[in-house]
Amino acid sequence: MRLTLLAPTPDFRIAIRASPRGIRAGFAVLPDGAGGNLTVTILPKPWRKAGGERLLTPRHDPGTTTHVTMYESEIVEVQSTQSVIGSLTQAILEISSIEGRQYLLELVRARAEGVPVSQPDVGEFETLVNLMLLAKRQRSSLTEQGFRGTAVPSLLRLVQQHLFVTEVRRVIDRARPTYVERVDRLSSPRGKLSGSSLAIALLTGTPWLESRFDEQSTDTTVLRIVLAGLRAVATDRVPAHFAAVAGPIRSSAVGLAGRLEGVAILDTERALLAARSLVVDVLDRPWAEAVDLAIQVLSRKSVVPADGTIDTPRAASIHLYMEKWWEQCLADGLRLIADPGSFHEQVPVPPPWGPVTASGLPPFADASFAPVPEQNADATRKADFIFSMNERRVLADAKYKMGSHSLGAADGYQMFSYSHTASVPISGQSISEGAVFYPLRASGTGRSRGHRQTKLMRATNPRFILRLVDLPFASPADVRTDTAWHHYVAVLASGIRRALNETV
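Residues numbered from 1 in each chain as written. Predicted model: local features only at pLDDT ≥ 70, side-chain atom pairs only at ≥ 80, totals over all residues. Heavy atoms only, no water.

**Let's talk about the packing of aromatic side chains**
Here is the rule we go by: Note on aromatic pairs: the rings of Phe, Tyr and Trp (six-membered ring only in Trp) are paired at centre separations within 6.5 Å, and the planes decide the class, stacked below 30 degrees, edge-to-face beyond 60, tilted for the rest. In this description a helix means any DSSP run of H or I spanning at least four residues, a strand means any run of E spanning at least two, and both kinds are numbered starting from the N terminus. Under the scheme applied here, a residue whose accessible area is under 20% of the maximum for its type counts as buried, over 50% as exposed, and between as partly exposed, the area being computed with a 1.4 Å probe on protein chains only.
Within this structure, the stated rule accounts for six aromatic pairs. Between Tyr 400 and Phe 473, the aromatic rings sit 6.3 Å apart at their centres with planes inclined by 45 degrees, giving tilted as the arrangement. Placement of the pair is Tyr 400 in the loop between strand E16 (392-398) and helix H10 (409-421) and Phe 473 in the loop between strand E19 (465-472) and helix H11 (482-501), with a sequence separation of 73 residues. The same class applies to Tyr 400 and to Phe 473, which are both buried. Ring geometry for Trp 485 versus Tyr 488: centroids 5.3 Å apart, planes at 40 degrees, classification tilted.

**A word on helix H5 (residues 221-235)**
Quick reminder of the rule: Here the expected length of a helix is defined as 1.5 Å per residue gap, with one fewer gap than residues.
The end-to-end C-alpha distance of H5 is 21 Å, a good match for the 21 Å that 15 residues give at a rise of 1.5 Å each. Along H5, the positions that sit buried rather than exposed are Val 222, Leu 223, Ile 225, Val 226, Leu 227, Ala 228, Gly 229, Leu 230, Ala 232 and Val 233.

**So, the pattern of salt bridges**
Selection rule: Here a salt bridge means any side-chain nitrogen of Lys or Arg lying within 4 Å of a carboxyl oxygen belonging to Asp or Glu.
On inspection of all chains with the given rule, the structure shows 15 salt bridges. For Arg 170, the salt bridge goes to Glu 167, with nearest N and O atoms at 2.7 Å. One end of the pair is Arg 170 and the other is Glu 167, both in helix H3 (residues 151-171) and three residues apart, which spans about a single turn. A residue is classified by how much of its surface remains accessible, and Arg 170, at 53% relative accessible area, is exposed. For Glu 167, a relative accessible area of 10% puts it in the buried group. Taking the shortest distance from any N to any O, the salt bridge between Glu 327 and Lys 324 comes out at 3.8 Å. Highlighted residues: Glu 327 and Lys 324, both in helix H9 (residues 322-337), separated by three residues, approximately one helical turn. What emerges from the salt-bridge pattern is a single network uniting Asp 397, Lys 399, Lys 401 and Asp 411.

**Here's the deal with the side chain of Glu 433**
Which entries qualify depends on this criterion: Think of a polar contact as two N or O atoms within 3.5 Å of one another; within protein, one of them needs to be a possible hydrogen donor and the other a possible acceptor, and neighboring residues in sequence only count if both atoms come from side chains. We call two residues contacting when some pair of their heavy atoms lies within 4.5 Å.
Inspection of the secondary structure puts Glu 433 in strand E17 (residues 433-440). Take Glu 433: its relative accessible area is 9%, and that puts it in the buried class. A polar contact is formed between the side chain of Glu 433 and the side chain of Arg 392, at a distance of 2.9 Å. Each residue touching Glu 433, except ones within four places of it in the same chain, is listed here: Arg 392, Arg 393, Val 394, Leu 395, Phe 464, Ile 465 and Arg 467.

The following block contains the structure:
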């Protein structure tokens, strides 16, 4: 990572905080009003190496594309002209005005002094691919996913094309020629000769014979499908927002297609038809992933703005609810270790206080979790998980927080309330222990708890044990393949089992 210093300049500045509440990862394209863009990739905070908050200060030239990679809660300062800063400010306000995205980018006060410029170790688009793969592994919320004609579907399509081109580049040197049967009229006969052509040659003296023979060729069905996918990438139309991103992908696709010179060209429809009847044999197995990605690229039509034009001046963004994503990872791990039929998600928990009724009990005291009256509906909370492990009933909550050295006051009171009012759905059985799950940095090892007291006991009877558990957060390598993802979930489940089985 390079580190340089900016000298003070008379340029105007804008300071932007990424994910101010630390719960949103995502990507945004902010037009500068001069034909260029500022693109911001916001990565999950567990992917950041241990250290303090960074303040990045790139300079953006009007009409160009500037890439910035940040982690949740970090700040970037951008220097440019007054008109560009105004356009970027307007774009951020436009994004923030849409419900659900106000937690993606926030305008903050800029510092007066020059500060370091930090260049990311990984390319901008590579970080975006990691973010999209993170979304792929769980049920995530993508803004504008249901709308055609916006820039966001085009972005997702570009990510898919990048993955396809990267996979083809990985296996292109393993293109395997195979034997293909050919029938041709030759003056030097080879293979099996046609009897009728032999008779004609003897009668007429013409030394041309119809020959049937096998010949090595790379013109296989697998490579025809791959070539069709590369041609689709090279000719795809994208909004002007993503021209700088699409350029390298197209260039790579053209270069790879040139290495398949002897392969027959199929249009999209014929390539998809060939893919439906394709059976990948053992020798072509290295190309299986490339073929699957080619089918995905060929199956999706180019996404352009609704009015049919390519230039879209409005800002575009996409965001992921990281706190929900962490909950879903834990849910996958808990399903592997929970007793059959005992795992429950988002269980309603009555509030600890309610109006006095004639019976002397609040209306929600029934263990069956009857609906809470309307005046108390807002007070109803939901526990993330209730499950049994080896017949031990456990209440668990996921906290997407980093650097917390103890159970905070708000979380402590929440778990205290849950420990008294929550019970197992349907059966109504009481719960005698709980757990709070925190993410560890993807690059870290060991526990991140600053304190050593990872087990707490409730101050009131009956006895209730609460464990604070640090678990590994998925790294970019963990989301790359299905095999790596399944291994990560297994490791997560093993960590939960080990933590909950520790004796008190």
